[in-house]
Amino acid sequence: MAASLPSAAVLGARAFAALEGLNRFSDEPGKLTRLYLSPAHRQAAEWTKGAMEVAGLTAFIDAAGSVQGRREGPVPGGPSVMIGSHIDTVKDGGRFDGNLGVVAGILVAQALRDAGIVLPFALEVVAFGDEENVRFPTHLSTSGALAGDYDLAWLEARDAEGVRLSDALLAFGGDPSGIAALARRRGSVTAYLELHIEQGPVLEVENEPVGIVTAINAQRKARIYVAGEAGHAGTVPMALRKDALTASAEMALAVEAIASAYEQAVGTVGVFQVDPGATNVVPGSVAFTIDIRCPRNEPLAAMAAAIEARFGEIAQRRGVGLTITPYARADAVPMDPALQDALSLGIARTGVNPAPRRLPSGAGHDAMAMAALCPSAMLFVRNEKGISHSPLEAMTEADAGIAIRALLETVLELARREG
Ligand code: GLV
Ligand code: MN
Ligand code: MN
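Residues numbered from 1 in each chain as written. Chains lettered and ligands numbered in written order. Predicted model: local features only at pLDDT ≥ 70, side-chain atom pairs only at ≥ 80, totals over all residues. Heavy atoms only, no water.

(A) Structural context of the coordination of the manganese ion (ligand 2). Looking at the manganese ion (ligand 2), the protein donor atoms are His86 (NE2), Asp97 (OD) and His196 (NE2), and they sit 2.0 to 2.3 Å from it. Here the manganese ion (ligand 2) and the manganese ion (ligand 3) are spaced 3.4 Å apart, and both take Asp97 as a donor. Taken together, the residues span a long stretch of sequence, with Asp97 in the loop between β3 (80–86) and α3 (99–114) and His196 in strand β5 (residues 189–197) at a distance of 99 residues. Given a relative accessible area of 5%, Asp97 falls into the buried group. (Donors = N, O, S within 2.8 Å, 3.2 Å for Na, K, Ca; no water. Helix = DSSP H or I, 4+ residues; strand = E, 2+ residues; numbered from the N terminus. Buried < 20%, exposed > 50% of the residue type's maximum accessible area, 1.4 Å probe, protein only.)

Now the structure itself:
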């Protein structure tokens, strides 16, 4: 039976060919930008649905815009093992972040079907659409919908152009009123597996093609609005200014200083919008974001409190208004130990390493949301440069193949455990 399964080399070549197909769809020519519910997202979702059908899955695009594919097990509608990741990207992102995990799931389904392997459970492959949360201030909304953790207030959220999420969802072909019904019953998914490019340099430095995620770091995000006073750049004396930009700049530096003071913590100001944004006008207001992360919940809470206190002090001293709107808060999520061991066996069966590297994830993933529904685990693939959220993101075809073969072996291991 196993003899008819494709080799790691074949799977790697198939994955790279599939990524070429999927990554044709971008909202910006010459870059890979695929924001949630955009025209490129719709095209990518259609492509993904077609690829799932070719792999023998029954597929549809769900009410929230995720693509769901399924091959039934012995009992129609019975429990499944789900493989998932996302097909949305950051602006000018990399080719592998999310996309590889979706393609991997499809290739595993195809390989099992071609080999005539009957599993004792249903196999599902899901391509989530809102993992990066770049367009709207949401948090893992599409995987949250399946996990039964969708905040309906998100439907009222607006993007930078003022478009409401519910309107964007309708224009995409989704159905805001159908989101609640996407929630899966506890027990209906027995395992969630996600293959993902490592978004840092650990596996590259340690010369390991793949690794197993132990836990996903805690994170919090907020939108900050600083209200100063616009004025003429040539006439308002320095001492009388309420410059929203210099106040915000001081706050951004405070985020950097506070995050640097906590072990393994990170803090980022990734969006900074100045209004009115003219050379000869003292900035009247600034909107910016903060994103803070840490492997443990308690230091992250202390960091958030320290940042809030420091922002308040800066705003008061400079006489500017301050509004902090937190919009995402996720505790650290441990990955399931038994599934980590199944992944370890899967990797060992590819012959690369009998004791694979285990490492935490600094980046967020759909597995964070899915872990609230079912045991979840992640397999990381070496990132050649350690760079992600950038077009420089890179991996070898050989590593992709090893990882997909390991994922396939892991599904077979789960089948053995049931059998
Ligand atoms: C997603 O990649 C995130 O970690 O923000
Ligand atoms: Mn990702
Ligand atoms: Mn990402």
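From this point, things continue past the structure.
(B) How the structure looks around the pattern of salt bridges. Applying the stated rule across the entire model yields 22 salt bridges. Residues Glu124 and Arg70 are paired through a salt bridge, measuring 3.6 Å at the closest nitrogen-oxygen approach. One end of the pair, Glu124, is in strand β4 (residues 122–128); the other, Arg70, is in strand β2 (residues 67–71), with 54 residues separating them in the sequence. There is no split in this pair, since Glu124 and Arg70 are both buried. Glu313 serves as the salt-bridge partner of Arg310, at 2.4 Å between the closest nitrogen and oxygen. One end of the pair is Arg310 and the other is Glu313, both in helix α8 (residues 297–318) and 3 residues apart, which spans about a single turn. (Salt bridge = Lys/Arg side-chain N within 4 Å of Asp/Glu carboxyl O.)

(C) Structural context of the side chain of Asp399. Relative to the helices and strands, Asp399 is located in helix α11 (residues 397–418). In contact with Asp399, not counting residues within four places along its chain, are Pro209, Val381 and Arg382. (Contact = heavy atoms within 4.5 Å.)

(D) Fine view of the site of ligand 1. Glu131, Glu132, Arg293, Ala363, Gly364 and His389 make up every residue found near ligand 1. In this structure, an oxygen atom belonging to ligand 1 sits 2.7 Å away from a main-chain N or O atom of Gly364. Against a free-state accessible area of 200 Å², the protein chains account for coverage of 91% of ligand 1. Tallied by class, the residues present in the shell around ligand 1 amount to 1 nonpolar, 2 polar and 3 charged. (Near = heavy atom within 4 Å. Polar contact = N/O pair within 3.5 Å; in protein donor to acceptor, adjacent residues only side chain to side chain. Areas by Shrake-Rupley, 256 points an atom, 1.4 Å probe, with all protein chains shown as cover. Nonpolar A, V, L, I, M, F, W, Y, C, P; charged D, E, K, R; others polar.)

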